[in-house]
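Okay, here's what each chain looks like letter by letter:
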Amino acid sequence: MAVVEINFDGIIGPSHNYAGLSLGNLASASHAGDVAYPRAAALQGLAKMRHNLALGLAQGFLLPLPRPNARFLSAIGADGSENPRLTAAAWSASSMWTANAATVSPAADTADGRCHLTAANLVTMPHRSQEWPDTVRQLRAAFANAEHFAVHDAVPPCFGDEGAANHMRMCAGHASPGLEIFVYGTTGGAFPARQHVEAGRAVARLHGLDPARTLFVEQNPDAIAAGAFHNDVVAVANERVLFTHELAFADPAGTYAAIRERLPEAEIVVVPADAVSLADAIKSYLFNAQLLSLPSGEMALVIPTEAWEHVRVRAWLDAMLASNGPIRRVLPVDVRQSMANGGGPACLRLRVVTDPATVDPRFLLDAAKASLIEAVITEHWPESIAPAQIGSPELAQTVIAARRALLEALDLTELA
Ligand code: SUG
């Protein structure tokens, strides 16, 4: 089979809850204290994966990480009874947002002709900073074929790295050499700029990228201050197309010119602020979309239903579809449980461009495996988690057993 883009979605874990842990993520803050529905959440995520499979696209998945995370609590000398936020951190199902798992450079971009992945350290948020050691273990299992892949540990925590959520790749076609764009922040008003430029530079060096096909672009501080805690909340790229809000970058004109200079076939679809304000973009998550090349050659934008139902966003999308631009289809999906924590369709997936035959098949989805995963979720995932239950020993047993059942069903108990 040829080199294609495979989307690896995070299976939403059995401890999914709303603890309001992410400063600068408006959805996480506004849903803090709500009752969460892990079973429904995981089934929504699975339905999104099936939706992409039905489009004829390659689909993979990554597993929830071990929660509650005893290693994290013991590293800070805690037993989970001290501080509700630390307890909630140890229970967080945030690894579902696999766009933050790693930064990926396909083989066509790298000096040694292998696909490189660097786990993201996610240091800005304590609940996310615990993810990478388990993430890297999983990436080393899925991408174990050393002829085709190199998996790197996270860069040191002096530089904040949020992975693919702040990285875009543009190219003539997935298999051809690409332009890799690292989007960093310097400041975001009251909110942290989570991606540091030095992290992007380190990843580019580790991956052996060609400096002539690598760009470092500053995110607009106003976008961060308005709640765009990751670049993928205001822009998404696929092959030759960049779909972006007018206010995504600190220097929009300079950014577009630099892209066009390096990739003359680039098509940049800019959504103006007077049609969709930054606030509307962030509330609706229009840009946290999967921009996909369909087998027919057309591009489709998989958006959250929240964007489809937003009056001004919908008006803009209708006009875009009527204009016959490069994006020909808009496909809404329901991932509301994840959205309430600030995770739209794009957050839930990590893109890896490779021949699927090079990936450990246990991480690839087909219809039969989707049914198997669905059966495990339906039987084992808690129906609901209220904030007061976080830390409960009984619920911890349920969460641990649920993950264990999934690992057994998928023959992945080595990740226990
Ligand atoms: O890091 N939310 C995640 C959402 C990540 C979205 N990812 C991308 N944009 N690619 C975050 O802010 C909320 C968890 C809580 O509040 O309990 C959370 O971690």
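Preceding block: the structure.
Below or above, wherever it landed, is the structure these notes cover. (Residues numbered from 1 in each chain as written. Predicted model: local features only at pLDDT ≥ 70, side-chain atom pairs only at ≥ 80, totals over all residues. Heavy atoms only, no water.)

### Description of the packing of helix 2 (residues 38–54) against helix 14 (residues 367–380)
Here is step 1: Across the interface, helix 2 lies against helix 14 with an axial gap of 10 Å and an inter-helix angle of 175 degrees. In terms of orientation, helix 2 lies roughly antiparallel with respect to helix 14. Within the contact between the two elements, helix 2 uses R39, A42, L43, L46, R50 and L53 and helix 14 uses A367, A370, S371, I373, E374, I377 and T378.
Here is step 2: For the contact of helix 2 with helix 14, a count of residues per class yields 8 nonpolar, 2 polar and 3 charged. (Axes fitted to C-alpha atoms, helices over the stretch in contact; angles between N-to-C directions. Helix = DSSP H or I, 4+ residues; strand = E, 2+ residues; numbered from the N terminus. Parallel < 35°, antiparallel > 145°, perpendicular 65-115°, else oblique. Contact = heavy atoms within 4.5 Å. Nonpolar A, V, L, I, M, F, W, Y, C, P; charged D, E, K, R; others polar.)

### Structural notes on empty space enclosed by the protein
Here is step 1: In the structure shown here, the tally under the stated rule is 6 cavities of 30 Å³ or more.
Here is step 2: If you go around the largest cavity, you meet 22 residues; those closest to its centre are A164, H167, M168, R169 and R351.
Here is step 3: Listed by contribution, the elements that provide at least two residues to the lining of the largest cavity are strand 6 (167–171), strand 9 (235–238) and strand 15 (349–354).
Here is step 4: Reported here for the second largest cavity is a volume of approximately 210 Å³.
Here is step 5: What lines the second largest cavity is a set of 24 residues, and nearest its centre among them are S22, S94, W97, H127 and N341.
Here is step 6: Among the residues forming the lining of the second largest cavity, the class breakdown is 8 nonpolar, 14 polar and 2 charged. (1 Å grid on protein atoms, 1.4 Å probe; cavity = no way out; pocket = protein on both sides within 12 Å on 5 of 7 lines; lining within 4 Å. Points joined across faces, edges and corners; volume = space filled by probe spheres on them.)

### With respect to unusual backbone geometry
Here is step 1: With an omega of -10 degrees, the peptide bond between R67 and P68 qualifies as cis.
Here is step 2: Relative to the assigned elements, P68 resides in the loop between strand 2 (59–62) and helix 3 (70–75).
Here is step 3: Phi angles above zero are rare outside glycine, and L122 is one such case at about 50 degrees.
Here is step 4: For L122, the position within the fold is in the loop between strand 4 (115–119) and helix 5 (126–129).
Here is step 5: Take L122: its relative accessible area is 1%, and that puts it in the buried class.
Here is step 6: Phi is positive for D411, which is not a glycine, with a value near 60 degrees.
Here is step 7: Positionally, D411 belongs in the segment after helix 15 (393–409).
Here is step 8: Note on D411: relative accessible area 52%, which makes it exposed. (Buried < 20%, exposed > 50% of the residue type's maximum accessible area, 1.4 Å probe, protein only.)

### A few points about the environment of R260
Here is step 1: Among the secondary structure elements, R260 is positioned in helix 9 (residues 252–262).
Here is step 2: Spatially, the C-alpha atom of R260 lies 10.0 Å from that of R240, the residues being 20 residues apart in sequence.

### Quick notes on the sheet that holds strand 10 (residues 241–245)
Here is step 1: The strand order across the open sheet built from 3 strands is 9-10-11, with neighbouring strands paired in mixed fashion. Both edges of this open sheet fall to strand 9 and strand 11 (267–271), since each of them pairs with a single strand only. Across this sheet, the average inter-strand angle for adjacent strands is 10 degrees, counted without regard to direction.
Here is step 2: Here strand 10 pairs with strand 11 via 5 bridges, running parallel. Opposite T244, over in strand 11, you have V270 as the bridge partner.
Here is step 3: Taken strand by strand, helix 9 contacts strand 10 and strand 11, and its axis lies near 165 degrees from that of strand 11. (Pairing = 2+ DSSP bridges.)

### Structural notes on the nonpolar core
Here is step 1: Counting 75 residues, the largest nonpolar core has F8 and F143 as its most contacted members.
Here is step 2: Once residues lying within four places of it in the same chain are set aside, the contact partners of F143 are F8, L117, F149, V151, V352 and V359.
Here is step 3: The next biggest cluster of nonpolar side chains, apart from the first, holds 21 residues, and it includes V269, V276, F287 and M320. (Core = buried A, V, L, I, M, F, W, Y, C linked by side-chain atoms within 4.5 Å.)

### Quick look at helix 14
Here is step 1: With 14 residues, helix 14 extends 20 Å from end C-alpha to end C-alpha; this agrees with the ideal 20 Å at 1.5 Å per step.
Here is step 2: For helix 14, every residue scored as buried is listed here: K369, A370, I373, V376 and I377. Angularly, the buried residues of helix 14 cover 125 degrees about the axis, an arc narrow enough to put them on a single face. Seen from the buried face of helix 14, the exposed residues on the opposite side, beyond 90 degrees, are A367, A368 and E379.
Here is step 3: Two to three positions downstream of the cap, the backbone nitrogen of A368 sits 3.2 Å from a side-chain oxygen, assigning the N-cap of helix 14 to D366. (Expected span 1.5 Å × (residues − 1). Arc of directions from axis to C-beta. Polar contact = N/O pair within 3.5 Å; in protein donor to acceptor, adjacent residues only side chain to side chain.)

### Let's talk about the site of the ligand
Here is step 1: The local shell around the ligand holds 21 residues, among which L21, S22, H127, D232 and C347 are the closest.
Here is step 2: Within the backbone of A19, one N or O atom sits 3.4 Å away from an oxygen atom of the ligand.
Here is step 3: N100 is positioned such that a nitrogen or oxygen atom in its side chain is 3.0 Å from a nitrogen atom of the ligand.
Here is step 4: Protein chains bury 99% of the 490 Å² of accessible surface belonging to the ligand in isolation.
Here is step 5: Using a 2 Å cut-off from the grid points, one finds that the ligand occupies the second largest cavity. (Near = heavy atom within 4 Å. Areas by Shrake-Rupley, 256 points an atom, 1.4 Å probe, with all protein chains shown as cover. Sits in = over half its atoms within 2 Å of the grid points.)

### Examining the layout of surface pockets
Here is step 1: Empty space within the largest pocket amounts to approximately 370 Å³.
Here is step 2: Lining the largest pocket are 18 residues, and of these A27, S30, H31, I282 and K283 sit closest to its centre.
Here is step 3: Of the residues that constitute the lining of the largest pocket, the class distribution is 9 nonpolar, 6 polar and 3 charged.
Here is step 4: Empty space within the second largest pocket amounts to approximately 270 Å³.
Here is step 5: Taken together, 18 residues line the second largest pocket, and the ones lying closest to its centre are V4, E5, G56, L57 and A58.
Here is step 6: Contributions of two or more residues to the lining of the second largest pocket are made by strand 1 (4–10) and strand 12 (290–293).
Here is step 7: No other element matches strand 1, which puts 3 residues into the lining of the second largest pocket.
Here is step 8: For the lining of the second largest pocket, the residue count by class is 11 nonpolar, 5 polar and 2 charged.

That is the geometry; function is a separate question.
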